[in-house]
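# Survey of secondary and tertiary structure
Here is how the chains run, residue by residue.
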Amino acid sequence: MIRRTIVSGVAVAAIAIAGVAGCSSEDSDVATTTTTTSEPGPLDAAATSIRATASAAVDAALEATRDAVNAAISATPIQFEPDSSELNPISNVTLTAIAVALETNDADIKIEAYADMSDEDAAQQLADERADSVASALEAQGIDKDRISTEGTANPGGDVDVDQADITVGEN
């Protein structure tokens, strides 16, 4: 009984929305009526449930993409030839796996690349070129450049492998 009421309510709402969508601004003879209720009805509960389910599905898809990208980078890091922005040939395999994972959604990514040189300006330029090189490789695999941000870091210090790039999914 409740299911029939919800289905009927959804059908009525769909018809009402279709009717409103079919009206143009030139229809000045059409009156608009807005009805509000103080208590949530079965449609409100259904809409809330649908929104929660959709949100959970989007979050799960994003997490799966993150996991796939991290697994690809762990298995075969994105690496550069020493003192160059040229990608190591095996890195193309990793970038292909990353591109496949990114095709499942429209999450943004951030590419971080590094360089370590005594000349700070030269190191920054190389780090930027390395990040751009990874971005270009992903764009060539069909990833929209509007989804990609890049950051190069000169002389990062610490435990950073300066001949590798990192990719972060969805936290830009």
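Residues numbered from 1 in each chain as written. Predicted model: local features only at pLDDT ≥ 70, side-chain atom pairs only at ≥ 80, totals over all residues. Heavy atoms only, no water.

### Some remarks on the overall build of the chain
Helix and strand content of the chain: four helices and four strands. For the chain, with 172 residues in total, the buried portion stands at 27%. For the chain, long-range pairs separated by at least 24 residues make up 76% of all intrachain contacts whose partners lie at least 6 apart in sequence. (Helix = DSSP H or I, 4+ residues; strand = E, 2+ residues; numbered from the N terminus. Buried < 20%, exposed > 50% of the residue type's maximum accessible area, 1.4 Å probe, protein only. Contact = heavy atoms within 4.5 Å.)

### Side note on the side chain of T94
For T94, the position within the fold is in helix 3 (residues 91-102). According to the relative accessible area criterion, T94 is buried, its value standing at 3%. The residues contacting T94, other than those within four sequence positions of it, are A72, I73, T76, P77 and I78.

### Some points on the sheet that holds strand 4 (residues 164-169)
The four strands are arranged 1-4-2-3 in an open sheet whose pairing can be described as mixed. Among the strands making up the open sheet, the edge pair consists of strand 1 (78-79) and strand 3 (148-154). Relative to strand 3, strand 2 (residues 109-115) runs parallel, the two being bridged by seven bridges. Its bridge partner lying in strand 3, I111 is registered against T150. Along the sheet, helix 2 (residues 42-75) makes contact with strand 1 and strand 4, crossing strand 4 at roughly 170°. (Pairing = 2+ DSSP bridges. Axes fitted to C-alpha atoms, helices over the stretch in contact; angles between N-to-C directions.)

### Here we look at the nonpolar core
Soluble globular proteins tend to pack their nonpolar side chains together in the buried interior. Ranked by size, the top nonpolar core spans 25 residues in total, and within it I78, I98, I111, V134, L138 and I167 carry the most contacts. For this core, the secondary structure elements donating two or more residues are helix 2, helix 3, strand 2, helix 4 (120-140) and strand 4. Those residues within four positions of I78 in sequence are excluded, and the remaining contacts are I73, L87, S91, T94, L95, I98, V134, D163, Q164, A165 and I167. Within the second largest apolar cluster, five residues are counted, among which are A115, A123, A127 and A154. (Core = buried A, V, L, I, M, F, W, Y, C linked by side-chain atoms within 4.5 Å.)

### Topic: a negative patch on the surface
Taken together, the side chains of D106, D108, D128, E129, D132, E139, D144 and D146 present a region of like negative charge at the surface. Within the fold, D132 resides in helix 4. (Patch = residues over 30% accessible without salt bridge, like charges linked within 9 Å, V, L, I, M, F, W, Y side chains within 5 Å. Areas by Shrake-Rupley, 256 points an atom, 1.4 Å probe, with all protein chains shown as cover. Salt bridge = Lys/Arg side-chain N within 4 Å of Asp/Glu carboxyl O. Lys, Arg positive; Asp, Glu negative; His and termini not counted. Charge placed at Lys NZ, Arg CZ, Asp CG, Glu CD.)

### Some thoughts on the packing of helix 3 against helix 4
Between helix 3 and helix 4, the least distance of the axes is 9 Å, while the angle of their chain directions is 60°. With respect to helix 4, the axis of helix 3 lies oblique. The two elements helix 3 and helix 4 cross, and the hand of that crossing is right-handed. Residues L95, I98 and A99 of helix 3 lie in contact with helix 4, whose contacting residues are V134, A137 and L138. Tallied by class, residues from the contact of helix 3 with helix 4 come to six nonpolar, no polar and no charged. (Parallel < 35°, antiparallel > 145°, perpendicular 65-115°, else oblique. Left-handed = near helix turned anticlockwise from the far one by under 90°. Nonpolar A, V, L, I, M, F, W, Y, C, P; charged D, E, K, R; others polar.)

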